[in-house]
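These are the residues of each chain, in order.
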Amino acid sequence: MTSPTAPGPQAVAGDAGIAWHAAPGSEALAHFATSRKGLSEGEARARLAQHGPNRLRPPERRGALARFALQFHNVLIYVLLGSAAITAGLGHWVDTGVILGVVLINAAIGFVQEGKAEKALDAIRGMLSVHATVLRGGRRLEIAAEDLVPGDMVLLASGDRVPADLRLTELRSLRVDEAALTGESAPVEKSVDAVPPDAPIGDRFSLAFSGTLVTYGQGSGVVVATAGHTEIGRISALLESVEELSTPLLRQMALFGRWLTFAILALAGLAFVFGVAVRSYSIADMFLAAVGLAVAAIPEGLPAIMTITLAIGVQRMAGRNAIIRRLPAVETLGSVTVICTDKTGTLTRNEMTVQRVATAERDFGVGGAGYAPQGGFLLEDRDAPLDEHPELLEVGRAALLCNDAALRENDGEWTLEGDPTEGALVALAMKAGLDLAFEAEALPRTDVIPFESEHRFMATLHHDHAGHGFIFVKGAPERVLEMCAAERASGEDRPLDRGRWHARMDRIAAAGQRVLAVAMRRVSERHRTLRFSDVEGGFTLLALLGLADPLREEAVASIERCRAAGIRVKMITGDHAATAAAIGAQLGLDGRGGALSGIELEKMDDAALAKSARETDIFARASPEHKLRLVKALQAGGEIVAMTGDGVNDSPALKRADVGVAMGRKGTEAAKEASEMVLADDNFASITAAVEEGRTVYDNLRKAIVYILPTNGGEAGIVLIAILAGIALPITPVQILWVNMVTAVTLSLAFAFERPEAGVMRRPPRDPREPLVSGFLLWRIVLVSMIMVAGSLGLFLWESARGLPLEAARTIAVNTLVMGEIAYLFNCRHLADTALTREGFLGNRTALLAIALLALMQLGFTYAPPMQRLFGTAALDAEAWGRIALFGAALFAIVETEKRLLRNANRT
């Protein structure tokens, strides 16, 4: 600890070098030149002018126009804009309008999605208290929290949000809920005593942190940090400094766009040179031909298909309680290799529950979870009727009466008023069939000794209407055992076997449960005041209670599904190491390396941390910096990381992770705004569903790309051969654009509705370094492009040789391409498996509807006079349609044969 050396108002708002949790409260008062009566009004005004208001500094923002302009900063978009410029230069305004429309729609969607991300810091700033109660010159005042200054004396009471970081100086049973900051599910018992300088945040009992919630008791403390110097302000700075990553799909699309741009420009340039130098065409004619080649090669519908496929994936995920805030996260989920999850509220319900009742003779299990009084008692995995085990009623009555909490039911939801541990005891009593109002009336409370950390128990005095007196006590088991001389067995008291009870305590704790003891003692009717001397001995131990923040029932199964899918789950929590290890074992996590604590993590360099991050699945006592370092270490090892969480402490790691997953019900706004996905039901199982959908969406995107590109390849090949051969273009640029749009948008859209293929969650995550278009898929694109060229160009030449007019021959060429696309649609529904099944032909209703719609559009394209005038088409006879259909069947058969040959080769 750095000793204060410059007391007085010159102290800065944070004094970041001073570990105030390790300094006595008197040193904090001296350092800030204040007293328990607080600052004077004049001094407070002077310090406010010096240090500024107690609010976080808003970051500089990009303007809306700049954010919108950045949506066009993509190589593929440059290609599309270049295509629009080309078509505009040729006077093809229909082509230009369609291309620009696609570009603008993509930009608008990206603009709206990105705008939401900027709210993350606003959500953190909003967690600062609006008002604070202070002492100024000995007078109690309520002021705006932003007017607090270092040295102010702040008063805290149950229900208050802590308005700044405080060094506590006085308190009475003060408990603070720090779950949003540390991940601890139970409120922290505070103390005025100094703690070691290297204590993690969750163990700094002498500090109260800005933005946390007082759940019980009272206290006062001196302000030692305000605004950005507070712990929550430091987290906000972390969040602001973390850069957002691209996603695998965006990275691959950028690479693919650059490759496609180079290929298109090179091909058009070579064709231009060939035509001028070899064929002696005029520069003007070859410029138009090269433009036609470029238009043919550009997949105008691809960006729209990507956006639509992702958007439909978003809708399907929302139906499974996974709400996507940024579209690319849909695909990224499918390639996730590690899920880093906070325990509280994610794997658990964030509701304390009594799970075990250990009486002198038996160990009972307790069913149900949370505060709902549903569930019974089990003995050796069989129901334990209450009428056969009256000791459960005694335990429940003691837990209910020695208690200050209450449970309320509203619209089927049970909510807690008071301490979570006491709420769990109330629920236990209700499961035992006790009526709260009746017990309170039958045994009204006469006096109480509140729970305090110094004595670690709560005791209440009660009298029934017959004059009998009872003292009930609950608290730390070792402390309650000191008070007891007997244990209750079969309705009678017998000598206490301390060794056996201590062994049972250890077993319960080893199961990851918090242990409480309940005991009672009879007193006379005249005993009306409860003093500490009354609880020094003579009690009868009723039971030990094992409490836990219960695991979600779906969590274990979900983790197992993740493991089958090649995804490792790592639990990062603020809990103690022993508790974390025990809970990890219950979840089925790999605990062979034990739990790695935050203090151990801090001592590691990046190389050691990278090794531990790979080998360890359980991390305990983790701070925001620890979580962020872990995510970075995993990413440095090539992992695609999803981070789940619900508190402010999770926000930096959520933002850094490839996919940040926030809890929708119990998550803070800061966590939600920093994430890519929000779980509407706070259920870890929804992540598994989202991974499955993400993998399916990526599969469907690949299918769409492999489906779209042969159309462009075929069109470009036709135009290129026409240039090389010196013949009329078999298909005009406007007809090219028609084919691209109607087949890409109509037929390709069907892939967005494809259901998951068998075994999608039994295969390892896709290697993020794997190219979007693999060698196999590139071969498929080339093969089908060649078939398209052969069929369309062949029929064009054959029909022209028979004397068919140019317009009719071009119409046949266009419809041949479209028929090939219809047949190829069925091939692409399964890229490797056969399509010769009932499911292969009829398994996607959307595809069948798309084919029917396309057929109507092609009939209009061929026979409608306005379309004939616009696109230069002519009517066809039945024989021509027969030859076109025969080509479609041939293409389907060739691709299915290729699939079978490749499957046989792979098996060999």
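Bear in mind the structure is a predicted one, so any value in this text is a computation, not a measurement.

**Student:** Explanation requested: the overall build of the protein in the structure shown.
**Tutor:** A count of helical and extended segments in the protein gives 33 helices and 28 strands. If you take every contact in the protein between residues at least 6 apart in sequence, the share linking residues at least 24 apart comes to 71%. Carbon and sulfur atoms form 58% of the exposed surface of the protein, whose accessible area is close to 36400 Å².

**Student:** So what exactly am I meant to see when it comes to the packing of aromatic side chains here?
**Tutor:** For any pair of aromatic rings, geometry is given as the distance between the ring centres together with the angle between the planes. Counted according to the given criterion, the structure contains eight aromatic pairs. With a centroid separation of 6.3 Å and 15° between ring planes, the pair formed by Phe470 and Phe472 is classed as stacked. Summarising the burial analysis for this pair, Phe470 and Phe472 share the class buried. Here a set of aromatic residues connected by ring pairs shows up, and it is made of Tyr707, Phe751 and Tyr824. The aromatic ring of Trp501 is capped on one face by Arg500, whose charged end is 5.7 Å from the ring centroid.

**Student:** Would you mind going over the packing of helix α29 (residues 806–828) against helix α31 (residues 845–863) with me for this structure?
**Tutor:** Two numbers describe a pair of packed helices, the interaxial angle and the distance between the axes. Orientation of α29 relative to α31, taken along the N-to-C sense of each, is 180°, at an axis distance of 11 Å. By the angle class used here, α29 and α31 are roughly antiparallel. Residue-level contacts link Thr811, Val814, Asn815, Val818, Ile822, Leu825 and Phe826 of α29 to Ala847, Leu848, Ile851, Leu854, Gln858, Phe861 and Thr862 of α31. A per-class count over the contact of α29 with α31 returns 10 nonpolar, four polar and no charged.

**Student:** Explain the pattern of salt bridges to me, please; I cannot follow it from the model alone.
**Tutor:** Side-chain pairs of opposite charge can arise where the charged atoms are in close proximity. Scanning the entire structure with this criterion turns up 38 salt bridges. Residue Glu178 pairs with Lys190 through a salt bridge whose shortest N-O separation is 2.5 Å. One end of the pair, Glu178, is in the loop between β4 (165–177) and α7 (179–182); the other, Lys190, is in the loop between β5 (188–189) and β6 (207–208), and 12 residues separate them in sequence. Judged by its relative accessible area of 1%, Glu178 is buried. Note on Lys190: relative accessible area 1%, which makes it buried. When the shortest N-O distance is used, the salt bridge between Lys474 and Glu422 registers 2.8 Å.

**Student:** I'm lost on a nonpolar patch on the surface in this one. Help?
**Tutor:** A cluster of nonpolar side chains, Tyr78, Leu81, Leu100 and Leu104, forms an exposed patch at the surface whose accessible area comes to about 340 Å². Mapped onto the nonpolar patch, the elements with two or more residues apiece are α4 (75–89) and α5 (93–117). You can see Leu81 is positioned in helix α4. The class of Leu81 is partly exposed, set by a relative accessible area of 30%.

**Student:** Would you take a moment to explain the sheet that holds strand β8 (residues 322–324) for this structure?
**Tutor:** The strands making up a sheet associate through backbone hydrogen bonding, with each pair oriented either parallel or antiparallel. Within the open sheet, the eight strands sit side by side as β8-β28-β27-β26-β9-β23-β25-β24. Their pairing is mixed. The open sheet is flanked by β8 and β24 (595–597), the only strands paired with a single partner. Mean inter-strand twist for the sheet, computed between neighbouring axes without regard to direction, equals 20°. Across four bridges, strand β9 (residues 338–341) lies against strand β23 (residues 568–572) in parallel orientation. The residue of β23 that forms the bridge with Cys340 is Lys570. The strands touched by helix α26 (residues 685–725) are β8, β9, β26 (641–645), β27 (659–663) and β28 (677–679); relative to β28, the strand with the most contacts, the crossing angle is about 135°.

**Student:** Got a minute to help me understand the environment of Ala225 in this structure?
**Tutor:** Note on placement: Ala225 falls in strand β7 (residues 213–225). A C-alpha to C-alpha distance of 9.0 Å links Ala225 and Asn54, two positions 171 residues apart in sequence.

**Student:** Before we go on, may I ask you to explain the nonpolar core in this structure?
**Tutor:** Taken as a class, soluble globular proteins show a tendency for nonpolar side chains to be buried jointly. By size, the foremost hydrophobic cluster in this structure holds 68 residues, and its most contacted members are Tyr707, Leu747, Tyr824 and Leu891. Within the residue set of this core, elements represented by two or more residues are α9 (248–277), α10 (283–297), α26, α27 (733–747), α28 (775–801), α29, α31 and α33 (878–907). A per-element tally of this core places α26 first, with 12 residues. Among all residues touching Leu747, those that are not within four sequence positions of it are Tyr707, Val742, Glu821, Ile822, Leu825, Ala850, Ile851 and Leu854. In terms of nonpolar packing, the next biggest core, distinct from the first, is built from 41 residues, Ile324, Leu333, Ile618 and Met663 among them.

**Student:** Before we go on, may I ask you to explain the packing of α26 against α28 in this structure?
**Tutor:** Packing of α26 against α28 brings their axes to within 8 Å, and their N-to-C directions diverge by 45°. Taken together, α26 and α28 sit at an angle that is classed as oblique. Taken as a pair, α26 and α28 cross one another with a handedness that is right-handed. Of the residues in α28, those touching α26 at Arg702, Val706, Leu709, Pro710, Gly713, Gly714, Gly717, Ile718 and Ile721 are Leu777, Arg780, Ile781, Val784, Ser785, Met788, Val789, Ser792 and Leu793. Partitioning the contact of α26 with α28 into residue classes produces 11 nonpolar, five polar and two charged.

**Student:** Looking at this structure, how should I read the pairing of strand β17 (residues 457–463)?
**Tutor:** Looking down a regular strand, the side chains alternate between one sheet face and the other. Burial analysis of β17 places seven of its seven residues in the buried class, which makes it a mostly covered element. Neither face of β17 is left uncovered, since the one carrying Phe457, Ala459, Leu461 and His463 and the one carrying Met458, Thr460 and His462 both have all their residues buried. Strand direction decides the pairing type here: strand β16 (residues 445–449) and β17, joined by four bridges, are antiparallel. Bridged to Ile449 within β17 is Ala459. Pairing of β17 with strand β18 (residues 469–475), which is carried by seven bridges, proceeds in the antiparallel orientation. Looking at β18, one finds that Thr460 is bridged to Phe472. Turn length for the β17-β18 hairpin, with the two strands adjacent in sequence and antiparallel, is five residues, and the turn residue Gly467 shows positive phi of about 100°.

**Student:** How do you make sense of the environment of Met286 when you look at a structure like this?
**Tutor:** Along the chain, the position of Met286 falls in helix α10. Placed 12 residues apart in sequence, Met286 and Phe274 show a C-alpha to C-alpha distance of 9.1 Å. Setting aside residues up to four positions removed in sequence, Met286 forms contacts with Ala271, Phe272, Gly275, Val276, Tyr281 and Ile723.

**Student:** What's the story with the confidence of the model for the protein in this structure? I'm lost.
**Tutor:** The predicted coordinates should not be examined in detail at positions where pLDDT is low. Chain-level pLDDT for the protein is 83 on average; 85% of the residues reach the 70-or-more range. Low pLDDT, under 50, characterises residues 1–14; the stretch is placed with 42 contacts to residues that sit more than four places away or in other chains. Here residues 241–245 scores under 50 on pLDDT; set against residues more than four positions off or in separate chains, the count is 12 contacts.

**Student:** How do you make sense of the environment of Leu778 when you look at a structure like this?
**Tutor:** If you trace the backbone, Leu778 turns up in helix α28. Residue Leu778 is classed as partly exposed on the basis of its relative accessible area, which comes to 39%. Between the C-alpha atoms of Leu778 and Val706, which are 72 residues apart in sequence, the distance is 8.0 Å.

**Student:** Looking at this structure, how should I read α26?
**Tutor:** Because the α-helix completes a turn every 3.6 residues, residues three or four places apart line up on one side. Counted at 1.5 Å a residue, the expected span for α26 with its 41 residues is 60 Å, and the 60 Å between its end C-alpha atoms agrees. When you tally the buried positions in α26, you get 35 out of 41 residues, the bulk of the element. Remark: Gly726 follows α26 within two positions and exhibits a positive phi of approximately 75°.

**Student:** How should I be thinking about unusual backbone geometry in this particular structure?
**Tutor:** For residues that are not glycine, phi is negative in most cases, and the peptide bond is trans in most cases. Despite not being glycine, Ala227 has its phi angle at roughly 50°, a positive value. Following the sequence through the fold, Ala227 ends up in the loop between β7 and α8 (231–241). Even without being a glycine, Asn321 presents a positive backbone phi close to 70°. For Asn321, the location among the structural elements is in the loop between α11 (302–318) and β8.

**Student:** Could you clarify how one ought to interpret helix α15 (residues 420–431) in this entry?
**Tutor:** Taking 1.5 Å of rise per residue, the 12 residues of α15 would be expected to cover 16 Å, and the 16 Å separating its terminal C-alpha atoms lies within 8% of that figure. With 12 of 12 residues buried, α15 lies mostly within the body of the structure. For α15, the complete set of buried residues consists of Pro420, Thr421, Glu422, Gly423, Ala424, Leu425, Val426, Ala427, Leu428, Ala429, Met430 and Lys431. Downstream of α15 by a residue or two, Gly433 has a phi angle that is positive, lying close to 85°.

Reading guide: rules and limits
Residues numbered from 1 in each chain as written. Predicted model: local features only at pLDDT ≥ 70, side-chain atom pairs only at ≥ 80, totals over all residues. Heavy atoms only, no water. Helix = DSSP H or I, 4+ residues; strand = E, 2+ residues; numbered from the N terminus. Contact = heavy atoms within 4.5 Å. Areas by Shrake-Rupley, 256 points an atom, 1.4 Å probe, with all protein chains shown as cover. Phe/Tyr/Trp six-rings, centres within 6.5 Å; stacked < 30°, edge-to-face > 60°. Buried < 20%, exposed > 50% of the residue type's maximum accessible area, 1.4 Å probe, protein only. Lys NZ or Arg CZ within 6 Å of the ring centre and 35° of its normal. Axes fitted to C-alpha atoms, helices over the stretch in contact; angles between N-to-C directions. Parallel < 35°, antiparallel > 145°, perpendicular 65-115°, else oblique. Nonpolar A, V, L, I, M, F, W, Y, C, P; charged D, E, K, R; others polar. Salt bridge = Lys/Arg side-chain N within 4 Å of Asp/Glu carboxyl O. Patch = residues over 30% accessible without salt bridge, like charges linked within 9 Å, V, L, I, M, F, W, Y side chains within 5 Å. Pairing = 2+ DSSP bridges. Core = buried A, V, L, I, M, F, W, Y, C linked by side-chain atoms within 4.5 Å. Left-handed = near helix turned anticlockwise from the far one by under 90°. pLDDT = per-residue confidence, 0-100. Expected span 1.5 Å × (residues − 1).

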